[in-house]
Amino acid sequence: MTNAQIVLCTDLDRTVIPNGAQPESHEARPRLRRLAARPESTLVYVTGRHKALLEDAIRDYDLPIPDYAIGDVGTTIYQVRDGEWRPWDAWSDEIAPDWQGHDRDALADLLRGLDALQLQEPEKQNDFKLSYYAPTGTRPEALLAEVRERLEGRGIRASLIWSIDEAADCGLLDVLPAAANKLHAIRFLMRKKGFSDTQTVFSGDSGNDLEVLVSGLQAVLVRNAPDDVREEAMERVAEAGYPDRLYVARGGFLGMNGNYSGGVIEGLAHFLPHTAEWLESDVSRGR
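Report on the accompanying structure. (Residues numbered from 1 in each chain as written. Predicted model: local features only at pLDDT ≥ 70, side-chain atom pairs only at ≥ 80, totals over all residues. Heavy atoms only, no water.)

Here the focus is the overall build of the protein. Along its length, the protein carries 10 helices and 12 strands. Once the C-alpha set of the protein is aligned to its principal axes, its extents read approximately 65 × 40 × 35 Å. Within the protein, the proportion of its 287 residues that are buried is 51%. Long-range contacts, defined here as pairs at least 24 residues apart, represent 63% of the contacts in the protein between residues at least 6 apart. With the model as given, the accessible surface of the protein reaches about 13,200 Å², and the carbon-plus-sulfur share is 46%. (Helix = DSSP H or I, 4+ residues; strand = E, 2+ residues; numbered from the N terminus. Buried < 20%, exposed > 50% of the residue type's maximum accessible area, 1.4 Å probe, protein only. Contact = heavy atoms within 4.5 Å. Areas by Shrake-Rupley, 256 points an atom, 1.4 Å probe, with all protein chains shown as cover.)

Encoded structure:
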């Protein structure tokens, strides 16, 4: 890669997708699309969405098609070429050892009988993602301890991701290989494709982005991020000794408010100033 080339790795929901309470600058997504269309740009989506929901988001929000997509909470990587989404088998080989030869169905058998757990729909599962619903009133500490005990008894190294779906009024549990996370997937992609730290920028908005935001990668926290996430991220990078690796969007760049795509672009221009020249050139031409 030449010095002019950039790699933008970004979360989707409430990062480039304006599906939060805060307003979006109307120029933000068109500018992101023009930026992604440049030959110097490599765009990577990093999201919990599965492929069908990724494609829905691109269509519904008129987002640029990525070059790569890290999906399913880090358990899949797709290479996108000529409209075709090709699963990257090398990533599956990277994370498979954590499950010690067990497939998803075998893990589901190990967890059978836990009354709080109900399997999610088939389209929400994949070879390395076992997903459940649980009642909202479930005590996650006790449930996760029981799940962990059953898996560790078979030598399985798993990451347990618990969250609440407020709209559906239920708990969600994802069982993943321990190595299947956003940071490891990004680092894997960088290593395999020769993307350098100085050319790569990550952007996010929420607690599930914190591991990458405080990792030492050049990272952007959009302005609409929750206060507690902002405070924790700033505290952790300060303790780690690289506060300059995290940029918190504040708005004002090219007249945008710093929320969603506007914040992504603002942070990208902070770390890679030549991208500001591209965007300012667009403005001067009235685009």
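Still more ground to cover, so stick around.
Next up on the list: the pairing of strand β11 (residues 218–221). Residues Gln218 and Val220 line one face of β11 and the alternating positions Ala219 and Leu221 line the opposite face, and both faces are buried. Two strands pair when backbone bridges link them, and strand β10 (residues 200–204) and β11 are joined in this way by four bridges, in the parallel orientation. Paired with Phe202 across the strands is Ala219, a residue of β11. Direction of pairing for β11 relative to strand β12 (residues 246–248): parallel, over a ladder of three bridges. Bridging across to β12, Val220 finds its partner in Tyr247. At this point the chain moves from β11, through helix α8 (residues 227–240), to the parallel β12, and the crossover so formed is right-handed. (Pairing = 2+ DSSP bridges. Right-handed = clockwise from strand over helix to strand, strands pointing away.)

Further remarks concern the environment of His50. Looking at the element boundaries, His50 is found in the loop between β2 (41–46) and α2 (51–60). When residues no more than four places from it in sequence are discounted, the contact partners of His50 are Asp72, Glu123 and Lys124.

As summarised here, the arrangement of the eight strands in space is β5-β4-β3-β2-β1-β10-β11-β12, forming an open sheet in which the pairing is mixed. What marks the edges here is a single partner per strand, and that holds for β5 (84–87) and β12. Strand-to-strand twist in this sheet, taken as the mean axis angle between neighbours without regard to direction, amounts to 20°. The sheet strands contacting helix α6 (residues 182–193) are β1 (6–10), β2, β3 (68–71), β4 (76–81) and β10, and the helix crosses β3 at an angle near 155°. (Axes fitted to C-alpha atoms, helices over the stretch in contact; angles between N-to-C directions.)

Spatially, four strands are ordered β6-β7-β9-β8 in an open sheet, and the strand pairing comes out antiparallel. Two strands in the sheet have a free side with no partner beyond their single neighbour: β6 (118–119) and β8 (158–165). Here β8 pairs with strand β9 (residues 170–177) via eight bridges, running antiparallel. The residue of β9 that forms the bridge with Asp165 is Cys170. The sheet contacts of helix α5 (residues 140–152) involve β8 and β9, and relative to β8 the element is tilted by about 155°.

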